[in-house]
Amino acid sequence: MVEMFTGARRLSTEPIVQPGSIPGYGPVFNAGLVHHEGRYHLFARAVRDGYRPNPGSGARFLDYVSDVVVLTSDDGLRYEFEYVLSRPGPGVAAFEDPRVQWVTDGGERRLVMTYTHLPETDTMPWRIGAVELDFRDGRFVTLDHTEALLGPDGIGNKDAVLFDLADGRIAFIHRIHPNVQIAVFDSLAELWNADHDYWTPYLAALDDHVIIAPEPGSFGVGAGAPPIAIADGHLFFFHERERCGRYTAKVALLDAVTGRVRSVASEPFLVPELEWERRGDVDDVVFVQGAHLHDDGTVYLTYGAADRCVGALTWHVDHARAHLGSVA
């Protein structure tokens, strides 16, 4: 293990999922996570073979199409590819950056995958896609009748996570550049069916819904892993893109009832340091996207590195709380 000054420990000096490790795909990164029936299940963004750098203006790469794939592990260190979960259909260029989270809705636990829905045409902004999952015959499946696009239409919106509030409501964290915002709903159905009547006044008062803004000199922030509940709130892992282009990982403590920030660490707990974190398709990126809290207080985190591969680290809740400092 490699220990960092915050008490966080990388599980390996090498990626836990390497690029090119799945037939037909190159980069495998930015993986969501769920721990189910004693195993770790990674939901990763996998880029199909055949993409290439764009010699002109516009997107960084051409023919850049990504699917959501599932890999599993008994120990959180050695992963095996299992199956492709989701492929984009007509009119969709790619599915990117899946997060997977349990949400309590009407007393029932439901598993939801949120992801970035990237349209084929550049004239339409990316949206937040969402679908419920079920576990059948040893694998996860999408409940296609639950597929939805969440948030306001016509505006770029991504990095969405869901979590339960202490009063039974559901919090929806998302990112309309450059800040992180929160919306609160009584049920998944209310979120799924929110339309212009909800989102128009929300956008008109968008600043009121901001919970985290980038530090001075940084370009933007966005949600990482779905928040995890601890004794005095929720630990919320997020990324910050600095003006130099470097992505770092940071943490905040959210209030259990409102979902608002009680404390946020000014310094990151993870920065690109290893060669595979610093050099790749996008240099200098660590992008935490999966989190699981063990009974002993250890948090297992997965993160994408340089838009090529997946790393993992552990961080004890006590160390995370100490990194946050004083709490309002």
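In case you missed it, the structure is sitting above this.
Keep in mind it's a predicted model, so treat the numbers as computed, not measured. (Residues numbered from 1 in each chain as written. Predicted model: local features only at pLDDT ≥ 70, side-chain atom pairs only at ≥ 80, totals over all residues. Heavy atoms only, no water.)

K.L.:
Looking at this structure, I do not really get the side chain of His239. What am I missing?
P.N.:
Its place among the elements puts His239 in strand β19 (residues 233–242). Judged by its relative accessible area of 4%, His239 falls in the buried class. A polar contact of 3.5 Å, which involves the side chain of His239, links it to the side chain of Asp159. Only 3.5 Å separates the side chain of His239 from the backbone oxygen of Ala223, close enough to count as a polar contact. Not counting chain neighbours up to four residues away, the residues in contact with His239 comprise Arg99, Asp159, Gly220, Val221, Gly222, Ala223, Tyr247, Thr248 and Phe287. (Helix = DSSP H or I, 4+ residues; strand = E, 2+ residues; numbered from the N terminus. Buried < 20%, exposed > 50% of the residue type's maximum accessible area, 1.4 Å probe, protein only. Polar contact = N/O pair within 3.5 Å; in protein donor to acceptor, adjacent residues only side chain to side chain. Contact = heavy atoms within 4.5 Å.)

K.L.:
Explain the sheet that holds strand β3 (residues 25–36) to me, please; I cannot follow it from the model alone.
P.N.:
The strands making up a sheet associate through hydrogen bonds between their backbones, and the pairing can be parallel or antiparallel. The 4 strands lie next to each other as β3-β4-β7-β8, forming an open sheet whose pairing is antiparallel. If you trace the sheet from one side to the other, it starts and ends with β3 and β8 (80–86), each paired once. Averaged over all pairs of adjacent strands, the angle between strand axes in this sheet comes to 30°, irrespective of strand direction. By the bridge criterion, 8 bridges tie strand β4 (residues 39–48) to strand β7 (residues 66–73) in an arrangement that is antiparallel. Paired with Tyr40 across the bridge in β7 is Ser73. (Pairing = 2+ DSSP bridges. Axes fitted to C-alpha atoms, helices over the stretch in contact; angles between N-to-C directions.)

K.L.:
How should the nonpolar core be read in this particular structure?
P.N.:
Nonpolar side chains in soluble globular proteins tend to be buried together. Counting 27 residues, the largest nonpolar core has Leu235, Phe237, Phe269 and Val288 as the members making the most contacts within it. Elements that contribute at least two residues to this core include exactly β18 (228–230), β19, β20 (247–254), β22 (286–293), β23 (298–305), β24 (309–316) and α4 (317–324). If we ignore the near neighbours within four places in the chain, the residues touching Leu235 are Pro227, Ile228, Ile230, Val251, Ala252, Leu253, Val317, Ala320 and Leu324. Of all hydrophobic cores here, the second largest spans 20 residues; its members include Ile128, Leu150, Leu191 and Ala194. (Core = buried A, V, L, I, M, F, W, Y, C linked by side-chain atoms within 4.5 Å.)

K.L.:
Sorry if this is basic, but what is going on with the packing of aromatic side chains here?
P.N.:
What characterises a pair of aromatic rings is the spacing of the ring centres plus the angle enclosed by the ring planes. With the rule as written, the count across this model stands at 19 aromatic pairs. Here Tyr40 and Tyr300 contribute two aromatic rings whose centre-to-centre distance is 4.5 Å and whose plane-to-plane angle is 40°, an arrangement assigned as tilted. Highlighted residues: Tyr40 in strand β4 and Tyr300 in strand β23, separated in sequence by 260 residues. You'll find Tyr40 and Tyr300 in the same group, each marked buried. Among the aromatic residues, ring-to-ring pairing joins Phe172, Phe185, Tyr198, Trp199 and Tyr202 into one connected group. If you follow Arg139 out to its NZ or CZ, it ends over the ring of Tyr83, 4.0 Å from the centre. (Phe/Tyr/Trp six-rings, centres within 6.5 Å; stacked < 30°, edge-to-face > 60°. Lys NZ or Arg CZ within 6 Å of the ring centre and 35° of its normal.)

K.L.:
Could you clarify how one ought to interpret the environment of Arg139 in this entry?
P.N.:
Within the element layout of this structure, Arg139 appears in strand β12 (residues 139–150). With a relative accessible area of 37%, Arg139 lands in the partly exposed category. For the pair formed by Arg139 and Tyr83, sequence separation is 56 residues and the distance between their alpha carbons is 8.5 Å. For Arg139, the residues in contact, after removing those within four places along its chain, are Tyr83, Val84 and Asp134.

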